[in-house]
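Here is how the chains run, residue by residue.
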Amino acid sequence: MQKVSLDAGFTCPNRDGVKGFGGCTYCNNESFNPAYCDPKMPLHTQIDEGIKFLQKRYGAKKYVGYLQAYSNTYKPLAELKKIYSEILGHPEISGLVIGTRADCVDDAKLDYLAALSAQHEITVEYGIETCNNKTLAMLNRCETFEEVGETIKKTSMRGIKTCGHLIFGLPGETRGEMLAEAKIISALPLDFIKLHQLHIVKGTVMASMYKKTPELFSLFSLEEYLDFIVSFLELLSPQIVVERLFGEAPPAIMAGPTWGGLRNDQVLNLIEECLEKRNTWQGRLYC
Ligand code: SF4
């Protein structure tokens, strides 16, 4: 089963001025939009192109649509219904993952998503990024951890599968503060979590900050991250499925860190080796 990334031409309230301008300081949506995913192409063409790519690369046989770039519930409900139905109407697509911000859903949208979940495999994925409101303000997220937490609860309460996204290594956060997030996150009704080291993408506000004041940043080396992520997993509830343990972006758009250009499967193997070496597992120290 593979996710086919799709771009339905959404924007985000943190870019158009409704909540903020300029977006989150680390955000560059190009960093996760593959070449086949172009908002100028009809959605079914994007799906067909994505499937061709994923079949060739991974031998994939089943697919879910993935609306990842920008805030994919940030349109009126009638338009959302049209977009989601079009994706779910493609014969090769068996579900949909919808990435969004907590402030881009309301009760009516969640009720609709709950009804859709009864018929299809639906997951709503929220950017949490950090539990620390001071860091969220510094990142220009224009929302608090408590607001995101409330929305996650409202989503899960309706029986919709819910995923969260966290970034480690944000400026000013200590290892102890990041590890403490495992307990806070475990208390949320999340089905899935995506964990991600901070990487700085060229062309972002954060890339300029990094150039001007590198001393404010303490980017993870590969060795530090392996040790950290294993410690975080030990503290995380074993009930939450970890969908991602680290992030990657095309080297050409990265301002740091690059970890020697190691590929996805190589980093994953190193994390597994580290778990084995420490004879530990997700949830071992969870309480
Ligand atoms: S990370 Fe998400 S919320 Fe922030 S600016 Fe980018 S699209 Fe908007």
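Residues numbered from 1 in each chain as written. Predicted model: local features only at pLDDT ≥ 70, side-chain atom pairs only at ≥ 80, totals over all residues.

1. A few points about the packing of helix α8 (residues 222-235) against helix α9 (residues 264-277)
Working step 1: Closest axis-to-axis distance for the α8/α9 pair is 10 Å, and the angle between their directions is 60 degrees. With respect to α9, the element α8 is oriented oblique. Note that α8 runs across α9; the crossing there is right-handed. Facing Leu226, Ile229 and Val230 of α8, the residues of α9 in contact are Leu270, Ile271, Cys274 and Leu275.
Working step 2: Partitioning the contact of α8 with α9 into residue classes produces 7 nonpolar, no polar and no charged. (Axes fitted to C-alpha atoms, helices over the stretch in contact; angles between N-to-C directions. Helix = DSSP H or I, 4+ residues; strand = E, 2+ residues; numbered from the N terminus. Parallel < 35°, antiparallel > 145°, perpendicular 65-115°, else oblique. Left-handed = near helix turned anticlockwise from the far one by under 90°. Contact = placed C-beta atoms within 7 Å. Nonpolar A, V, L, I, M, F, W, Y, C, P; charged D, E, K, R; others polar.)

2. Some remarks on the site of the ligand
Working step 1: In the vicinity of the ligand, the residues found are Cys12, Asn14, Arg15, Gly23, Cys24, Cys27, Tyr70, Ser71, Arg101 and Gly127.
Working step 2: Classifying every residue of the shell around the ligand by side-chain character gives 4 nonpolar, 4 polar and 2 charged. (Near = placed C-beta within 6 Å.)

3. What about the nonpolar core?
A general trend in soluble globular proteins is that nonpolar side chains are found buried together.
Working step 1: Ranked by internal contacts, the top residues of the largest apolar core, which has 69 residues, are Leu6, Ile87, Leu166, Ile193 and Ile229.
Working step 2: Take this core: its biggest share by element is 6 residues, from α8.
Working step 3: Excluding residues that lie within four positions of it along the chain, isoleucine 87 makes contacts with Leu6, Leu43, Gly65, Ile93 and Leu96. (Core = buried A, V, L, I, M, F, W, Y, C linked by C-beta atoms within 7 Å. Buried ≥ 20, exposed ≤ 12 C-beta atoms within 10 Å, placed from the backbone.)

4. Considerations on helix α2 (residues 77-88)
Working step 1: The first and last C-alpha atoms of α2 sit 16 Å apart over 12 residues, in line with the 16 Å expected at 1.5 Å per residue.
Working step 2: Those residues of α2 lying buried are Leu80, Ile83, Tyr84 and Ile87. The buried side chains of α2 occupy one side of the element, clustering within an arc of 90 degrees when seen end-on. Turned more than 90 degrees away from the buried face of α2 sit Ala78, Lys82 and Ser85, all of them exposed.
Working step 3: Elements that come into contact with the buried residues of α2 comprise β1 (2-6), α1 (43-58), β2 (63-67), β3 (93-100) and α3 (107-117). (Expected span 1.5 Å × (residues − 1). Arc of directions from axis to C-beta.)

5. A few points about helix α6 (residues 175-186)
Residues that lie three or four places apart on an α-helix share one face, since the helix turns once every 3.6 residues.
Working step 1: Compared with the 16 Å implied by 1.5 Å per residue over 12 residues, the 18 Å span of α6 between its first and last C-alpha is a close match.
Working step 2: For α6, the set of buried residues is Met178, Glu181, Ala182 and Ile185. Buried residues along α6 cover an arc of 110 degrees about the axis, so they all sit on one side.

6. Details of the pairing of strand β4 (residues 121-129)
Working step 1: Burial analysis of β4 places 8 of its 9 residues in the buried class, which makes it a mostly covered element.
Working step 2: Two strands pair when backbone bridges link them, and β3 and β4 are joined in this way by 6 bridges, in the parallel orientation. Looking across to β4, one finds that glycine 95 is bridged to glutamate 121.
Working step 3: The β-α-β motif built from β3, the intervening α3 and the parallel element β4 has right-handed crossover chirality.
Working step 4: In this structure, β4 lies alongside strand β5 (residues 161-168), joined through 6 bridges in parallel fashion. The partner of threonine 123 across the bridge, within β5, is lysine 161. (Pairing = 2+ DSSP bridges. Right-handed = clockwise from strand over helix to strand, strands pointing away.)

7. A word on the pairing of β2
Working step 1: Of all 5 residues making up β2, 4 are buried, and the element is well covered by its neighbours.
Working step 2: Bridge count for β2 against β3 is 4 bridges, and the pairing is parallel. Directly across from tyrosine 66, in β3, lies its bridge partner valine 97.
Working step 3: Viewed along the sheet, the connection from β2 through α2 into β3 turns out right-handed.

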